[in-house]
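# Working through the structure, step by step
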Amino acid sequence: MLGIAAAVLFFIAFLINAAEISTNHVFSSGNFMILGLMVLALHVAGIGSGWSGRARRR
């Protein structure tokens, strides 16, 4: 789930950069890239994956 959120943030950063949209410093493409990298790092670390570490016993 966090991988999809990272892809969306990267896409927003790409649109801001490609369309040369002038935004304030909070919504700049660099900030969206940093947020995307942070969310991607959380995804790779396994946080928010939805999988449990416990195995089921039968």
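The text that follows walks through the structure, step by step, so that each part is easy to find. Worth saying up front: this structure is predicted, and the values here are computed from it rather than measured. (Residues numbered from 1 in each chain as written. Predicted model: local features only at pLDDT ≥ 70, side-chain atom pairs only at ≥ 80, totals over all residues. Heavy atoms only, no water.)

Bringing the overall build of the chain into the picture now. When helices and strands are tallied, the chain shows two helices and zero strands. Approximately 5,000 Å² of the chain is accessible, and the part contributed by carbon and sulfur atoms is 66%. (Helix = DSSP H or I, 4+ residues; strand = E, 2+ residues; numbered from the N terminus. Areas by Shrake-Rupley, 256 points an atom, 1.4 Å probe, with all protein chains shown as cover.)

We now examine the nonpolar core. Counting six residues, the largest nonpolar core is built from Ala6, Leu9, Ala13, Ile16, Phe32 and Val39. Counting only elements with at least two residues in this core, the list comes to α1 (2-18) and α2 (29-45). With four residues, α1 is the largest single contributor of residues to this core. Those residues in contact with Ile16, other than ones at most four positions away along the chain, are Ile21, Phe27, Ser29 and Phe32. (Core = buried A, V, L, I, M, F, W, Y, C linked by side-chain atoms within 4.5 Å. Buried < 20%, exposed > 50% of the residue type's maximum accessible area, 1.4 Å probe, protein only. Contact = heavy atoms within 4.5 Å.)

Our focus in this paragraph is the environment of Ile21. Examined against the element boundaries, Ile21 turns out to sit in the loop between α1 and α2. With a relative accessible area of 46%, Ile21 lands in the partly exposed category. When near neighbours in sequence (up to four residues on either side) are disregarded, Ile21 contacts Leu15 and Ile16.

For α1, which comprises 17 residues, the first-to-last C-alpha distance of 24 Å matches the rise-based estimate of 24 Å (1.5 Å per residue) to within 8%. When α1 is considered as a whole, its buried residues turn out to be Ala6, Leu9, Ala13 and Ile16. The buried residues of α1 occupy an angular sector of 85° when projected down its axis, which confines them to one face. Facing away from the buried side of α1, by more than 90 degrees, are the exposed residues Ile4, Phe14 and Ala18. (Expected span 1.5 Å × (residues − 1). Arc of directions from axis to C-beta.)

As a further point, take the environment of Ile12. Relative to the helices and strands, Ile12 resides in helix α1. When the C-alpha positions of Ile12 and Met33 are compared, they lie 8.7 Å apart, and in sequence the two are 21 residues distant.

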